[in-house]
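These are the residues of each chain, in order.
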Amino acid sequence: MGEQADGQSLDHRQAGPTVVRMLVGAQLRRLRENGHITREEAGEAIRASHSKISRLELGRTGFKQRDVADLLTLYGVVADAEREPLLALAAEANRPGWWHAYGDVVPSWFDAYLGLEQAASLIRGYGVQFVPELLQTEEYARALIRPACAGAPEPEIERRVALRMERQRLLTRREPATLWTVVDEAVLRRPVGGSKVLRAQLRRLTEIAELGHVTLQIMPFSAGAAAAATGPATILRFPEGGLPDVVYLEQLTGALYLDKLTDVERYWRVMNRLGIEAEQPSATTSFLHRILKET
């Protein structure tokens, strides 16, 4: 697996409710298991089913303060000094993230990803069709979004572009996320938006490749079939040990979120192999300049 990011703590305010719910749920699960209490017993304590306890522990639903308080009592957490931090975190988990202002253009299946992305300390990805969204220029993003949302009014198109640009702030904030991505050479030669838009995008990538917390590699055509056998994927790693790595696989009308250790380890092996097969980071800028001359 990849290396753990050090020296960072999760800013719950920028993480949004998705990750905070996961943190609270993970802590409740640990307390329940340490007390040798079943989900059925926990459910009875809050007048709910064991399946609701499962959803709470996975961070897939919001928290009622009364439920959290009753569960803490059941688990033997009675001192205010121990209860209050978790109760406060549970309350925070019910507050919307900044991206909820774009709720009209964010499908429900993507909302969870936005929370995970904003909280991640390390984002590793492989792009085989287009420049990764966190690295796109406005013009490039607009050229992709407009045909994907054919028939949508122009204000909606612009809101989708604005959301994509807003997401990129995680690369320029005080404690930026570490981004390590491999893009296929075909991505850099596909004339999205025309040659002018593509050239501006390529120049933007040369700038991004110089950032200390960004590693950009190019998978050349010469790599052959090994790279082509792998589809686009993103792995998210978080700065606190309470959250597992998550693999995100986006589809046309939905997404898969994988956090089983066997699945995650397999994707880490794939990402590490791609990093070896691709051109090394030191060659990225010259590779991009070469494509610019040919575009």
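The structure contained in this document is the topic of the report that follows. Remember, predicted model here, so these are calculated numbers, not experimental data. (Residues numbered from 1 in each chain as written. Predicted model: local features only at pLDDT ≥ 70, side-chain atom pairs only at ≥ 80, totals over all residues. Heavy atoms only, no water.)

## Structural notes on the packing of helix α2 (residues 17-34) against helix α7 (residues 108-119)
Packed helices, taken two at a time, are described by their axes: the angle between them and the distance between them.
Phase 1 of the analysis: At a closest axis distance of 7 Å, the pairing of α2 and α7 adopts a crossing angle of 80 degrees. Looking at the two axes, α2 sits roughly perpendicular to α7. Where α2 abuts α7, its residues Thr18, Val19 and Met22 lie against Asp111, Ala112, Gly115, Leu116 and Ala119.
Phase 2 of the analysis: Here the contact of α2 with α7 is built from residues that sort into five nonpolar, two polar and one charged. (Axes fitted to C-alpha atoms, helices over the stretch in contact; angles between N-to-C directions. Helix = DSSP H or I, 4+ residues; strand = E, 2+ residues; numbered from the N terminus. Parallel < 35°, antiparallel > 145°, perpendicular 65-115°, else oblique. Contact = heavy atoms within 4.5 Å. Nonpolar A, V, L, I, M, F, W, Y, C, P; charged D, E, K, R; others polar.)

## As for the pairing of strand β4 (residues 233-237)
Phase 1 of the analysis: With respect to burial, β4 is a largely interior element, five of its five residues being buried.
Phase 2 of the analysis: Across the two faces of β4 the burial is the same, with Ala233, Ile235 and Arg237 and Thr234 and Leu236 all buried.
Phase 3 of the analysis: As paired strands, strand β1 (residues 122-127) and β4 are joined by five bridges and run antiparallel to one another. Along β4, the bridge assignment pairs Ile123 with Leu236. (Buried < 20%, exposed > 50% of the residue type's maximum accessible area, 1.4 Å probe, protein only. Pairing = 2+ DSSP bridges.)

## Observations concerning the sheet that holds strand β3 (residues 214-219)
In a beta sheet, neighbouring strands are held together by backbone hydrogen bonds and run either parallel or antiparallel to one another.
Phase 1 of the analysis: Judged by pairing direction, the sheet is mixed, and its six strands sit side by side in the order β3-β2-β1-β4-β5-β6 without closing on themselves. The open sheet is flanked by β3 and β6 (255-258), the only strands paired with a single partner. Pairwise comparison of adjacent strand axes, ignoring direction, gives a mean angle of 15 degrees for this sheet.
Phase 2 of the analysis: Sheet topology places strand β2 (residues 178-184) next to β3; six bridges connect them, and they run parallel. Considered in β3, the bridge of Val183 is made with Ile218.

## Side note on the packing of α2 against helix α4 (residues 50-57)
Phase 1 of the analysis: In the contact formed by α2 and α4, the axes pass within 7 Å of each other and the chain directions differ by 125 degrees. With respect to α4, the element α2 is oriented oblique. Facing α2, whose interface residues are Arg21, Gly25, Ala26, Leu28, Arg29 and Arg32, α4 presents Ile53, Leu56 and Glu57.
Phase 2 of the analysis: Along the lines of polarity and charge, the residues of the contact of α2 with α4 split into four nonpolar, one polar and four charged.

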